[in-house]
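Structural overview
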Amino acid sequence: MIRHIFKTSTWNPTEMEWLRAANTLSEPERERISQFMYKRDAKQSMAGRLMMRSCFAQLSGETPESFHLSRDESGKPYIVDPSPSLSSLSFNVSHAGDYAAFAASTTAKIGVDVMKVELRRNTSVQQFFSHMKRQFTDFEWQKIRSPATDRGKLVNFYRHWCLKESYVKAIGTGLKFGLQRIQFDLGDLENGICRSTTVSVDGVLNLNWKFEEIFQDNHFVTIAMGNVEFSPEDRASVKLLNFSDLVVSEDPLSDKFYFASFDEKKELP
């Protein structure tokens, strides 16, 4: 099982890095990334794509730029005509805040979500929660609201939200699956990690699903895994990658304007 994160907020790509990264992707992927208004969003999307292609290359021995990717009707990416070594691979990518996250397995259904614990400007916690009433069960709202401080309530909210997102992404339905059908009973976070949270679907406890929650740097990264047991090696920490850890094209994209158009963007709104 592979679980990787990449801190995009501290990645300031050089021209060579960005052009090598771009040359690893397909033309539609490059075009999509070029449409982002801000560097933050372009870097998140680029990092997610690179983590996917790097994983495929490491598992198959093929070059990272050789894979043809598409999306199913729920928007989940998949490999078109995968080689035998990748035919059973389940994978998912997410990005938010300062991080992009990627998870993959050849033996389990996989979903991943990352969220930064933050509140929109000029909005109170209660106003924020009022727009999300239908997304959680009464049991979950009780848990979310249980801390005495607004900060504690927000942490519990985003923890539940990441769990729900990771699960519906793993089963391939996206948010059209009724989120009140899913109920989580939180385990304890110990040193920023929890692997004991359980899920009930339509009121029935389902122990075939495991969840790995990581809370670090004010972000939750949550991985949902179907029909899997944690092996000793799977209990290793999620790996934080740098650009040098990724398998990317050795040759840069010849169009240097691709970097220039990225470099002139603002980092954030």
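A brief look at the structure comes next. Computed from a predicted model, the values in this text were never measured in an experiment.

Cut-offs applied
- Residues numbered from 1 in each chain as written.
- Predicted model: local features only at pLDDT ≥ 70, side-chain atom pairs only at ≥ 80, totals over all residues.
- Heavy atoms only, no water.
- Helix = DSSP H or I, 4+ residues; strand = E, 2+ residues; numbered from the N terminus.
- Contact = heavy atoms within 4.5 Å.
- Buried < 20%, exposed > 50% of the residue type's maximum accessible area, 1.4 Å probe, protein only.
- Pairing = 2+ DSSP bridges.
- Axes fitted to C-alpha atoms, helices over the stretch in contact; angles between N-to-C directions.
- Core = buried A, V, L, I, M, F, W, Y, C linked by side-chain atoms within 4.5 Å.
- 1 Å grid on protein atoms, 1.4 Å probe; cavity = no way out; pocket = protein on both sides within 12 Å on 5 of 7 lines; lining within 4 Å.
- Points joined across faces, edges and corners; volume = space filled by probe spheres on them.
- Nonpolar A, V, L, I, M, F, W, Y, C, P; charged D, E, K, R; others polar.

The subject of this paragraph is the side chain of Arg159. Secondary-structure assignment places Arg159 in helix α6 (residues 150–171). When neighbours within four sequence positions are excluded, Arg159 is seen to be in contact with Leu186, Gly187, Leu189, Cys194, Thr197, Glu213 and Phe220.

On to the pairing of strand β4 (residues 90–96), then. Most of β4 sits inside the fold, with 6 of its 7 residues counted as buried. In this structure, β4 lies alongside strand β5 (residues 99–105), joined through 7 bridges in antiparallel fashion. Note on β5: the bridge partner recorded for Phe91 is Ala104. Here β4 folds back onto β5, and the loop between the two strands holds 2 residues, one of which, Gly97, carries a positive phi near 60°.

What follows is about the sheet that holds strand β9 (residues 198–201). Across the sheet, which stays open at both edges, the 3 strands sit in the order β7-β9-β10 with antiparallel pairing between neighbours. The outermost strands of the open sheet, each flanked by one partner alone, are β7 (182–185) and β10 (204–206). The mean angle between the axes of side-by-side strands here comes to 35°, regardless of whether they run parallel or antiparallel. In this structure, β9 lies alongside β10, joined through 3 bridges in antiparallel fashion.

In this structure, Trp18, Met46, Phe56 and Phe102 are the most contacted members of the largest nonpolar core, which totals 36 residues. The set of elements that each furnish at least two residues to this core consists of β1 (2–7), α1 (15–24), α3 (39–60), β4, β5 and α7 (257–263).

Bringing the layout of surface pockets into the picture now. Its boundaries defined by the atoms lining it, the largest pocket holds a volume of some 600 Å³. Looking at the largest pocket, it is lined by 21 residues, and the ones nearest its centre are Arg40, Gly97, Met115, Lys116 and Glu118. Grouping the amino acids of the lining of the largest pocket by side-chain chemistry returns 9 nonpolar, 4 polar and 8 charged. Estimates place the volume of the second largest pocket at around 440 Å³.

Right, let's talk about the sheet that holds strand β11 (residues 209–216) for a bit. On the basis of which strands lie adjacent, the open sheet formed by 4 strands has the order β6-β12-β11-β8 and antiparallel pairing. Each having just a single partner strand, β6 (109–116) and β8 (193–194) make up the two edges of the open sheet. When β8 meets β11, the two strands line up antiparallel, connected through 2 bridges. Bridge assignment links Cys194 to a residue of β11, and that residue is Glu213.

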